[in-house]
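A structural walkthrough
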Amino acid sequence: MARHPHEAAERTGPPEVHLSDREVMQDLAEKYDAACPKFWLAVAVAGGLFALGVLAFVIRALDVGLSDSSRNEYGYYAAAFAFLIVTATTAPLAAIAFRWTKNHWRRPFSRAAELFSLVGILAVLAFIPMLIVLPGIDLNGDGVLELGKDRRTIWFSAPIGAPIWWDMAGLIGVVVCGLALLWVSARPDMAQIAQVSNGLRARVMGRLACGWQGTVRDWNVQKGQMAILGAFYFMLLVWVHTLISLDFALSLIPGWRDSIFAAHHVLTGIQASAGLLIVVLFLMKKVGGYDRYIGVDPFWSFAKVLLGVTLLWGYFWFSEFMTFWYGRDETEQTVIKLLMVESYRTAFLLNLFFSFFIPFVLLLWNGVRKSVLGPTVAGASVIIGAFFMMVRLYVPAFNIKDVGAESIAEFEAAHGGTAAQLLPVLPGPLDVLMVVGMMAGAAFIFLLGTRLIPIMSAWEMKEGLMYVLYRPFMKGKYLVLGKPE
Amino acid sequence: MAKTGVLGLYSDANYAAEAGDGLQRMGISDNDYDFLTGAPYPEGAFGEKESSHRLYVFPFVGALCGLTAGILLTSMTQMAYPLVTGGKPILSLPPMAIVTYEGTMLGAILFTVLGIIFESRLPRPSLGLYDDRITEGYVGVLVECEPEEVDRVEQVLTQAGAEDIKRGKV
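Everything numeric in this text was worked out from a predicted model, so none of it was measured. Chains are numbered independently. Their residues run from 1 in the order of the written sequence. Chains carry letters from A onward and ligands carry numbers from 1 onward, assigned in written order. Under the rules for a predicted model, residues below a pLDDT of 70 receive no local features and side-chain atom pairs below 80 are neither given nor counted, while totals for whole chains, interfaces and linings still include all residues. To obtain the side-chain values, all non-hydrogen atoms of the structure were used and water was disregarded.

1. Points about the overall build of chain A
A tally of helices and strands in chain A yields 18 helices and five strands. Whereas a compact globule of 485 residues would reach a radius of gyration of roughly 23 Å, chain A reaches 24 Å, a difference of no more than 12%. Viewed in the frame of its principal axes, chain A has a C-alpha envelope of about 75 × 50 × 40 Å. Buried means the residue's accessible area, taken with a 1.4 Å probe over protein chains only, is under 20% of the maximum for its type, while exposed means over 50%, and partly exposed covers the values in between. Of all 485 residues assigned to chain A, the portion counted as buried reaches 59%. The contact criterion used is simple: two residues touch if any of their non-hydrogen atoms lie within 4.5 Å. Pairs at least 24 residues apart make up 79% of the contacts formed inside chain A by residues separated by at least 6 positions. In short, Shrake-Rupley with a 1.4 Å probe defines the accessible areas, and a residue's cover is counted only from the protein chains shown. Accessible surface computed for chain A: about 19100 Å², of which carbon and sulfur atoms make up 67%. Charged residues are defined narrowly, with Lys and Arg counted positive, Asp and Glu counted negative, and His plus the chain ends left uncounted. Working definition for charges: the position is that of NZ of Lys, CZ of Arg, CG of Asp or CD of Glu. Treating the 39 positive side-chain charges of chain A as one cloud and the 36 negative ones as another, the clouds have centres 13 Å apart. Secondary structure counts use DSSP, requiring at least four H or I residues in a row for a helix and at least two E residues in a row for a strand, with both numbered from the N terminus. Just to be clear, the radius of gyration here is over C-alpha atoms, and the globule rule we use is 2.2 Å times residues to the power 0.38.

2. Observations regarding the domain arrangement of chain B
Domain assignment breaks chain B into domain 1 (4-49 + 128-168) and domain 2 (57-119). The split into domains, and so the bounds of each, comes from an automatic or database assignment of domains. Taking only C-alpha atoms into account, the centre of domain 1 of chain B sits 48 Å from that of domain 2 of chain B.

3. Quick look at empty space enclosed by the protein
All names here are of chain A. A 1.4 Å probe that fits but cannot get out identifies a cavity on a 1 Å grid over protein atoms alone, an open set with protein on both sides within 12 Å along at least five of seven lines counts as a pocket, and a residue lines either if it has an atom within 4 Å of a point. Grid points are joined across faces, edges and corners, and a volume is the space filled by probe spheres set on the points. In the structure shown here, the tally under the stated rule is four cavities of 30 Å³ or more. Each pocket or cavity is described by its volume, and for the largest cavity that value is around 90 Å³. Surrounding the largest cavity, 13 residues form its lining, Trp-256, Asp-258, Glu-320, Leu-339 and Met-340 being those nearest its centre. Elements that contribute at least two residues to the lining of the largest cavity include exactly α11 (261-286), α12 (297-327), α13 (330-341) and α16 (373-399). Element by element, the count of residues in the lining of the largest cavity is highest for α13, at four residues. Amino acids are sorted into nonpolar (Ala, Val, Leu, Ile, Met, Phe, Trp, Tyr, Cys and Pro), charged (Asp, Glu, Lys and Arg) and polar (every other residue, Gly among them). Here the lining of the largest cavity is built from residues that sort into nine nonpolar, one polar and three charged.

4. Considering the interface of chain B and chain A
Taken together, the contacts link 52 residues of chain B with 54 residues of chain A. By convention, the term buried area covers the 1.4 Å-probe accessible surface removed from two parts as they join, with the contributions of both added. Taking both sides of the interface into account, the surface hidden between chain B and chain A amounts to around 5100 Å²; carbon and sulfur atoms contribute 65%. Area buried by chain B at its contact with chain A is led by Pro-40, Glu-102 and Arg-124 of chain B, which between them contribute 12% of it. One side-chain nitrogen of Lys or Arg within 4 Å of one carboxyl oxygen of Asp or Glu is enough to make a salt bridge. Applying the counting criterion to the chain B and chain A interface returns two salt bridges. A salt bridge links Arg-217 of chain A to Glu-119 of chain B; its shortest N-O distance comes to 2.7 Å. Any pair of nitrogen or oxygen atoms within 3.5 Å is treated as a polar contact; in protein, a donor-acceptor pairing is required on top of that, and neighbouring residues in sequence qualify only through side-chain atoms on both sides. Counting every contact that joins chain B to chain A gives 13 residue pairs in polar contact (both at pLDDT 80 or more).

5. So, the environment of Glu-460 of chain A
Residues and elements named next belong to chain A. With respect to the secondary-structure elements, Glu-460 resides in helix α18 (residues 458-466). Residue classification places Glu-460 among the buried residues on the basis of a relative accessible area of 0%. Residues Glu-460 and Arg-111, 349 residues apart in the sequence, show an inter-C-alpha distance of 9.1 Å. Ignoring sequence-local partners within four residues, the contact set of Glu-460 consists of Arg-99, Arg-106, Arg-107 and Ser-110. A polar contact of 3.0 Å, which involves the side chain of Glu-460, links it to the side chain of Arg-99.

6. With respect to the pairing of strand β3 (residues 139-145) of chain B
All names here are of chain B. The element β3 is extensively covered by neighbouring structure, given that six of its seven residues are classed as buried. Only when DSSP finds a minimum of two bridges between them are two strands counted as paired. Judged from the seven bridges that link them, strand β1 (residues 4-10) and β3 form a sheet pairing that is antiparallel. Bridge pairing in β3 links Tyr-10 to Val-139. Relative to β3, strand β2 (residues 33-36) is paired through four bridges, and the arrangement is antiparallel. Bridge pairing links Asp-34 to Leu-142 in β3.

7. Remarks on the pattern of salt bridges
Scanning all chains against the criterion turns up 19 salt bridges over all chains. A salt bridge links Asp-291 of chain A to Lys-285 of chain A; the nearest nitrogen and oxygen atoms lie 2.7 Å apart. Accessibility expressed as a relative area gives 3% for Lys-285 of chain A, which makes it buried. Residue Arg-167 of chain B pairs with Asp-151 of chain B through a salt bridge whose shortest N-O separation is 3.2 Å. Placement of Arg-167 of chain B in strand β4 (residues 164-168) and of Asp-151 of chain B in helix α4 (residues 150-159) is noted, with a sequence separation of 16 residues between them.

8. Description of the layout of surface pockets
All names here are of chain A. Of the pockets and cavities examined, the largest pocket occupies roughly 970 Å³. Val-280, Leu-283, Phe-446, Leu-447 and Ile-455 are, among the 35 residues lining the largest pocket, the residues nearest its centre. Among the elements of the structure, α2 (21-33), α3 (37-64), α4 (75-89), α11, α16 and α17 (429-452) are those that each provide at least two residues to the lining of the largest pocket. Of the residues forming the lining of the largest pocket, the biggest block, seven residues, is contributed by α17. Here the residues of the lining of the largest pocket are counted per class, giving 29 nonpolar, three polar and three charged.

9. Comments concerning a negative patch on the surface
All names here are of chain A. Patch membership needs two things, relative accessible area over 30% and no salt bridge, and members are linked within 9 Å if like-charged or within 5 Å if nonpolar (Val, Leu, Ile, Met, Phe, Trp, Tyr). A contiguous patch of negative charge on the surface is contributed by Asp-329, Glu-330, Asp-402, Glu-406 and Glu-410. Locating Glu-410 in the fold gives a position in the loop between α16 and β2 (413-415). Here Glu-410 falls in the exposed class, since its relative accessible area comes to 54%.

10. Some remarks on the pairing of β1 of chain B
Residues and elements named next belong to chain B. With seven of seven residues buried, β1 is to be regarded as a mostly interior element. Along β1, one buried face is formed by Thr-4, Val-6, Gly-8 and Tyr-10 and the opposite face, lined by Gly-5, Leu-7 and Leu-9, is buried too. Sheet topology note: the β1/β4 ladder contains five bridges and is antiparallel. In the sheet register, Leu-9 faces β4, and the bridge partner there is Asp-164.

11. Details of the packing of α13 of chain A against α16 of chain A
Each packed pair of helices is defined by two parameters, the angle between the axes and the distance between the axes. All names here are of chain A. With their axes 9 Å apart at the nearest point, α13 and α16 run at an angle of 125° to one another. Here α13 lies oblique to α16, going by the angle between them. Every residue of α16 that contacts α13 at Leu-338, Leu-339 and Met-340 is listed here: Arg-392, Leu-393 and Pro-396. Residues belonging to the contact of α13 with α16 are distributed by class as follows: five nonpolar, no polar and one charged. All axes are obtained by fitting lines to C-alpha atoms, using only the stretch in contact for helices, and the reported angles, taken between N-to-C directions, cover 0 to 180 degrees. Throughout, the term roughly parallel applies to angles under 35 degrees, roughly antiparallel to angles over 145, roughly perpendicular to angles from 65 to 115, and oblique to all others.

12. Concerning the side chain of Thr-100 of chain B
Within the fold, Thr-100 of chain B resides in helix α3 (residues 93-119). Exposure remark for Thr-100 of chain B: the relative accessible area of 10% places this residue in the buried category.

13. Here we look at unusual backbone geometry
Among all residues save glycine, negative phi is the norm, and among peptide bonds the norm is trans. Residues and elements named next belong to chain A. Positive phi, close to 50°, is recorded for Cys-210, a residue that is not glycine. Phi angles above zero are rare outside glycine, and Arg-328 is one such case at about 55°. Note on placement: Arg-328 falls in the loop between α12 and α13.

Below, the structure written as structure tokens:
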């Protein structure tokens with residue numbers, strides 16, 4: 001039994017646990033039906049910025065073209081795309097993982113996490129230009145892969161369609177899996193909305209619910225479906241992180257060999273998506289009107305996970321760094337100079353500061369972890385950190401023309417002892433618009449998604465209420481949580 | 001003759017469980033009645049039979065197909081175009097694993113989606129016998145019975161504490 005959080009109650013208020021199914025259903029249906037003007041303003045702003053981003057991309061494409069030779073013009077686009085993958089596409093993992101571990105505190109944000117699957121559609125579309133500008137493997141087209149002449153990739157034996165079709169197939173697989181997961185999870189709520197709504201919404205929801213009745217078998221099959229799809233989402237998402245990080249960053253920088261880079265990329269995704277969900281939870285509580293369902297518990301629990309992942313992030317980065325630093329090989333030194341200490345020093349320091357120092361220093365303290373604002377600030381920090389990490393990885397990778405070289409250390413030094421291909425690339429106005437547009441596009445799709453599917457899972461909240469109550473015990477009141485299995 | 005559906009509605013889940021017991025005593029097969037709820041109850045809470053599904057078979061079959069396709073694709077490509085790269089053998093396992101892993105995953109996901117459609121009995125053209133109150137916390141006991149059994153079934157459901165009873169197509 002956990003002690004009733006009196007202190008937290010004064011600051012944040014515990015979630016209400018004495019609600020009936022009817023109250024939950026009516027309340028959530030009302031919130032779902034009525035979107036305030038602020039919401040539509042946010043949709044309009046996100047949509048407008050998204051449109052500007054698309055326009056900026058079109059101008060850039062018309063200006064410089066869209067091919068391997070103009071790849072250096074799309075470094076920030078690639079960084080924004082990778083940022084989309086590490087945040088939005090990774091977010092459904094939280095719903096999957098905490099549902100597996102049967103955590104009650106995940107209930108308020110499970111659906112929000114799954115709704116990010118919709119952003120996967122944008123990721124697939126945004127991936128097409130990335131594939132077009134990606135150089136081939138056999139650079140000189142002689143049918144033989146040779147070191148120093150051709151590009152080094154994981155597509156060692158160049159199977160049919162590598163890497164373009166395999167990369168795209170992987171991403172589409174993740175998106176299909178995520179959308180299927182969202183549909184399976186939201187089906188009971190869609191059926192219930194169809195029952196309590198009228199008009200077009202009732203018809204659409206009724207169609208999407210596909211005859212959901214809520215029989216014992218329906219629930220059992222749904223549980224199995226979510227478990228299987230969740231497992232595959234996890235397995236394929238890790239793979240997509242690996243493909244994107246290796247094909248669009250590591251293999252474009254000649255001589256860069258790093259065995260834990262892909263794993264670090266995945267970890268950054270887990271960290272950033274956790275941060276994203278904490279921020280979304282905060283907005284749901286403070287702006288969305290879901291305060292009565294969200295106590296301090298999800299923030300407190302998520303903060304512990306975030307602290308663990310942050311420590312792991314620091315360890316991964318240091319492991320990466322020290323191998324290169326101790327190696328003292330000329331290529332390794334040049335890679336460190338490029339990605340960390342010289343060309344992209346500012347982005348690297350911001351990355352380290354926001355991804356590690358800020359969340360670590362904040363979440364070290366129990367008082368901060370056990371609050372609503374503390375984890376939210378830490379969450380926002382890791383999102384910013386992840387963005388700068390993507391900038392310092394993908395912008396330099398896309399700026400290298402001579403991807404078939406044996407090592408970047410061989411590039412002819414030009415300006416101040418640094419090769420031209422290794423100099424930092426600062427974003428222009430179009431780059432800024434493309435980056436902002438990509439993020440705004442994700443927000444736009446997510447916000448519109450909440451009008452289609454409720455952002456809070458009614459059936460999971462109702463299920464949770466069956467297993468939770470406050471009971472007096474001696475002189476205190478304690479939270480009693482049940483577990484169905 | 002087509003079977004008739006009878007739906008008993010209970011505000012208390014315990015009464016719904018008692019209705020299940022009453023139906024069993026009456027001789028209604030546990031395949032012919034079900035419990036409708038707005039949220040998942042723990043397995044066995046109503047004393048219902050263990051429901052089974054074959055959902056787990058689909059991803060295994062899909063994974064096997066994907067794995068086979070991946071192995072065939074990589075090995076046949078490498079045999080057809082035998083390029084020695086970096087002094088490694090023509091059939092090297094690590095690069096083959098990359099494609100076979102992805103093929104396995106894609107096959108498993110594709111078949112899982114098919115499994116979802118199949119095991120969810122889709123498409124379902126109509127909702128069947130239902131009541132809005134189930135979304136508000138009521139528990140429905142849905143019985144499929146012969147027309148001549150309807151009165152007796154209704155009596156059992158009422159005796160267990162049903163607040164309302166509906167008839168219709170299942």
